[in-house]
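Architecture at a glance
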Amino acid sequence: MTTRSSSSPESSLGLRLDVRHLSTSFTTDEGVIPSVADVSFSIRPGKTTALVGESGSGKSVTSLTLMRLLPRTAATQVAGQALYTNAKGDTVDLLQLPEAAMRAIRGNEIAMIFQEPMTSLNPVFTIGEQIAESLRLHKKLDRAAALAEARRMLELVEIPAAAQRVGEYPHQLSGGMRQRVMIALAMACGPRLLIADEPTTALDVTIQAQILQLMGRLQTETGMSMLFITHNLGVVAHHADDVAVMYSGRIVESAPVRGLFAQPRHPYTQGLLACLPSQQRKRAASNEAREGPIGPRRLFAIRGQVSSPLSPPPGCAFEPRCDQAISGCQSAMPGLRLDDDGRSARCILTPQSVSEVS
Amino acid sequence: MSKPLIEVKGLCKYFGATARPLRAVDDVSFSIQQGETLGLVGESGSGKSTIGRTLLRLLDATDGQVLYRGEDLGAASGKRMRTLRSKLQMIFQDPYASLNPKMRVRDILGEALKVHGLAPGKLARDKRVAELLTLVGLRAEHADRYPHEFSGGQRQRIGVARALAVEPEFIVADEPLSALDVSIQSQVVNLLCDLRDQLSLTMLFISHDLDVVEYLCDRVVVLYLGRVMEVAPTGALFAQPLHPYTQALLAASPKPDPLDSSIFTPLKGDIPSPINPPSGCVFRTRCAHALEACAQTVPPVQNLGNGRFKACLRDDLAL
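Helix and strand counts for chain B stand at 10 helices and 12 strands. For a compact globule of 319 residues, the expected C-alpha radius of gyration is about 20 Å, and chain B comes in at 21 Å, within 12% of that figure. Here the contacts in chain B between residues at least 6 apart in sequence split such that 64% fall between residues at least 24 apart.

Have a look at this one:
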């Protein structure tokens, strides 16, 4: 099922997770679909890396590949390395581990929260039993001790009347409460890396604010790292340390959060930020200050739409929608250029390029 | 002040048993002037969509009135309503669910024309369909395709074209962007803006995305648990929200700026059940400023002048 180039895992310079050249493709009746292609990013201890992109950009497939949770029935080809530094300080390649070793990590050292709190809890078990399950499995607690610990976890995620809630079923809880339960479940074994796949997308803004605050608090208290998958740039701005922007299965830009928002280098990132109405207002305000009142306001829009993965453009994937494209963009997919300041962008127009990531 | 195009007076919509109904919309009043875009914001369960549907009589109101040019839509006969629907149209949230997958675009748009006797004859109809597709930024040859052959953004354009086919005066746009990606959202926002200006449409724009509402709307109605909390011109509302709920809502939506370090305390708890809403002010259970009096009386919507209204007892708050 899994094919990859072999090389021994090397130490990852104090990174908690170092993903190198990760690729995942699915074989379908219509052809091979490269959902994730040559994706490299890293997560520092205690920090949050955000993976940003639109639907179909490969964010979720990346996270499922890392967790080795892709359905076995899907004909997948996975390549690359995901070097994870575990609690003992050893670096292992998640993609190479035997299934048993992976099972010991999954839900234990690395946990995951999914987008839909409605569908990711089991409706026929009480929430206490669901939290206790991972504690019994990984921490070898007995039933009573695990349930007591489950109750403590519910208190940790600020669920009121935890003693009573522990015996309730998912349908008895609101959406925000269910997402808190999901977090309690993920946090139960004290993970060192939490993968959160659009954890607040299904929630209202006031509930989203509660959940994000909770996740931030837990991260400060435990020192865990987070891979935060989202399409919401507002959430990214406030809750990420590093950002990787994906487009059509590839990372097009990665940078520390402040640098990315202050000076996006890839035309796609620039477009994404310019699309936001609040950015448009800021631009309009400064234009008006300079040039006096302007005509009818228009939002910046990235024209066209994402190309089909079955017939990708010959060169840069973003070229058909890019306003800055030049003829050279059509000849080949640009490499991810690494800059001196640790930022990288996949665009032949980025001026500061010094060296290319192999 | 000219006569409003749409007037909503004391609108109520309850669902379920008469003894303990689900109060989706409770005593909501507002008006929409001709040419105006009114934003309707609130969290899930606040009654936004129910109001939109009741306005077009896709749902019948439990109580209250909806007036279109002074005519009570609740009293209109089925036949009259059908005629009126050519003036009142809707754009739906989910472009995947709101287009019939078995119909070609030509028939989806043509059906609306046929029902209202517009562009009679096949030739005239095909011409109008082509015109509509061009209007929303698609191509005339797209008429022969089925909905599944389009992306989400394109489908939403077809949904817009269908609403515009009958040359309406008033459009209810129910979260038309929430199923779309950011880069596509701005395309559709621009389309809606252009069409509104071109065809001088009046619009009720239902959304939970405050950023887009601020951009697109002239005035905003803020709802919570089926009741109006605040009404204000967009600029004033975003510059200085007066109701504690509006303040919390604005503070909770994260700004796409890492340097914005404004600190706020998120609202506690969840939206209460509309089957058993809190007594008095429905927001008091989550409000940081609630007093005992808030549990006693339902705060009336007070006119504060300059087009601003709020339903809150706490006039003493230095806001």
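What follows is about the overall build of chain A. The helix and strand inventory of chain A stands at 11 helices and 13 strands. In terms of overall dimensions, chain A is globule-like: its C-alpha atoms have a radius of gyration of 22 Å, near the 21 Å expected for 358 residues. In terms of overall dimensions, chain A has C-alpha extents of about 65 × 55 × 40 Å along its principal axes. By sequence separation, contacts in chain A at least 24 residues apart represent 62% of the contacts at least 6 residues apart.

Here we come to the packing of helix H5 (residues 152-164) of chain B against helix H6 (residues 182-198) of chain B. Any two packed helices are characterised by the angle at which their axes cross and by the distance between the axes. All names here are of chain B. At a closest axis distance of 10 Å, the pairing of H5 and H6 adopts a crossing angle of 20°. Relative to H6, the element H5 is oriented roughly parallel. For the element pair H5 and H6, the recorded crossing hand is right-handed. Contacts from Gly152, Gly153, Gln156, Arg157, Val160 and Leu164 in H5 reach Ile184, Gln187, Val188, Leu191 and Leu195 in H6. Residues belonging to the contact of H5 with H6 are distributed by class as follows: 6 nonpolar, 4 polar and 1 charged.

It is worth spelling out the pairing of strand S4 (residues 76-85) of chain A at this point. Residues and elements named next belong to chain A. Where strand S1 (residues 17-28) and S4 come together, 8 bridges link them in antiparallel fashion. Looking at S4, one finds that threonine 24 is bridged to valine 78. Here S4 runs beside strand S5 (residues 91-93); their pairing, made up of 3 bridges, is antiparallel. Paired with threonine 85 across the two strands is threonine 91, which belongs to S5. Count of turn residues in the S4/S5 antiparallel hairpin: 5 residues, of which glycine 89 carries a positive phi of about 95°.

Among the nonpolar cores identified, the biggest contains 182 residues, and Ala184(A) and Phe205(B) are the most heavily contacted of them. Top element by residues in this core is helix H6 (residues 175-187) of chain A. It accounts for 8 residues. Residue assignment places this core across two domains, with domain 1 (120-188) and domain 2 (267-356) of chain A each supplying three or more. Residues contacting Phe205(B), with those up to four places away along its chain left out, are Thr37(B), Leu38(B), Gly39(B), Leu40(B), Ala173(B), Val213(B), Leu216(B) and Cys217(B).

This part covers the interface of chain B and chain A. Chain B puts 30 residues into the contact, and the matching count from chain A is 37 residues. When contributions to the side of chain B that touches chain A are tallied by element, the ones reaching two or more residues are H6, helix H7 (210-216) and helix H9 (244-252) of chain B. Tallied by class, the residues present in the side of chain B that touches chain A amount to 14 nonpolar, 8 polar and 8 charged.

Residues and elements named next belong to chain B. The 8 strands lie next to each other as S6-S7-S8-S3-S9-S10-S12-S11, forming an open sheet whose pairing is mixed. Only two strands of the sheet have a single neighbouring strand rather than two, namely strand S6 (88-91) and strand S11 (302-305). The sheet shows a mean angle of 20° between the axes of neighbouring strands, taken without regard to direction. Across 3 bridges, S11 lies against strand S12 (residues 308-310) in antiparallel orientation. Bridge pairing in S12 links glycine 305 to arginine 308. Sheet contacts for H5: S6 and strand S7 (170-174); angle to S6, the most-contacted strand, approximately 175°.

It is worth spelling out H5(B) at this point. Residue and element names in this part refer to chain B. With 13 residues, H5 should reach 18 Å at 1.5 Å per residue; the first-to-last C-alpha distance of 18 Å fits that figure. In terms of burial, H5 is a largely internal element, 12 of the 13 residues being buried. Regarding H5, the residues found buried are Gly153, Gln154, Arg155, Gln156, Arg157, Ile158, Gly159, Val160, Ala161, Arg162, Ala163 and Leu164. In this fold, the buried residues of H5 make contact with S6, helix H3 (105-115), helix H4 (122-135), S7 and H6.

Attention now goes to the sheet that holds S5(A). By definition, the strands of a sheet pair up through backbone hydrogen bonds, in either a parallel or an antiparallel sense. All names here are of chain A. The antiparallel open sheet is built from 4 strands, whose spatial order is S2-S1-S4-S5. Two strands bound the open sheet, and with one partner strand each, they are strand S2 (31-43) and S5. Pairwise comparison of adjacent strand axes, ignoring direction, gives a mean angle of 10° for this sheet. Sitting on the sheet, helix H1 (residues 59-66) is in contact with S1, S2 and S4, with an inclination near 75° to S2.

Along its 17 residues, H6(B) runs 24 Å from first to last C-alpha, staying within 8% of the 24 Å computed at 1.5 Å per residue. Listing the buried residues of H6(B) in full gives Ser183(B), Ile184(B), Gln185(B), Ser186(B), Gln187(B), Val188(B), Val189(B) and Leu192(B). In this structure, the buried residues of H6(B) make contact with helix H10 (267-275) of chain A together with H5, S7 and H7 of chain B. A positive phi of about 40° marks Ser200(B), the residue just after H6(B).

The subject of this paragraph is the confidence of the model for chain A. Residues and elements named next belong to chain A. On average, chain A scores 88 in pLDDT, and the residues at 70 or more come to 91%. In this model residues 1-11 is a low-confidence stretch, pLDDT under 50, and it forms 15 contacts with partners more than four residues away in sequence or in other chains. When the criterion is pLDDT under 50, residues 353-358 qualifies, and its contacts beyond four places in sequence or with other chains add up to 12 contacts.

Two faces, one strand: in a regular strand the side chains alternate between the faces of the sheet. Residue and element names in this part refer to chain B. Counted residue by residue, S7 has 5 buried out of 5 residues, so it is predominantly covered. With 4 bridges connecting them, S6 and S7 associate as parallel partners. Opposite isoleucine 91, over in S7, you have alanine 173 as the bridge partner. Pairing geometry for S7 and strand S8 (residues 202-207), over 5 bridges, is parallel. When the sheet's bridge partners are listed, valine 172 is paired in S8 with leucine 204. For the handedness criterion, the β-α-β arrangement of S7, H6 and S8 is classed as right-handed.

Rules used throughout
Residues numbered from 1 in each chain as written. Chains lettered and ligands numbered in written order. Predicted model: local features only at pLDDT ≥ 70, side-chain atom pairs only at ≥ 80, totals over all residues. Helix = DSSP H or I, 4+ residues; strand = E, 2+ residues; numbered from the N terminus. Rg over C-alpha atoms; globule rule 2.2 N^0.38 Å. Contact = placed C-beta atoms within 7 Å. Axes fitted to C-alpha atoms, helices over the stretch in contact; angles between N-to-C directions. Parallel < 35°, antiparallel > 145°, perpendicular 65-115°, else oblique. Left-handed = near helix turned anticlockwise from the far one by under 90°. Nonpolar A, V, L, I, M, F, W, Y, C, P; charged D, E, K, R; others polar. Pairing = 2+ DSSP bridges. Core = buried A, V, L, I, M, F, W, Y, C linked by C-beta atoms within 7 Å. Buried ≥ 20, exposed ≤ 12 C-beta atoms within 10 Å, placed from the backbone. Domains from an automatic or database assignment. Expected span 1.5 Å × (residues − 1). pLDDT = per-residue confidence, 0-100. Right-handed = clockwise from strand over helix to strand, strands pointing away.

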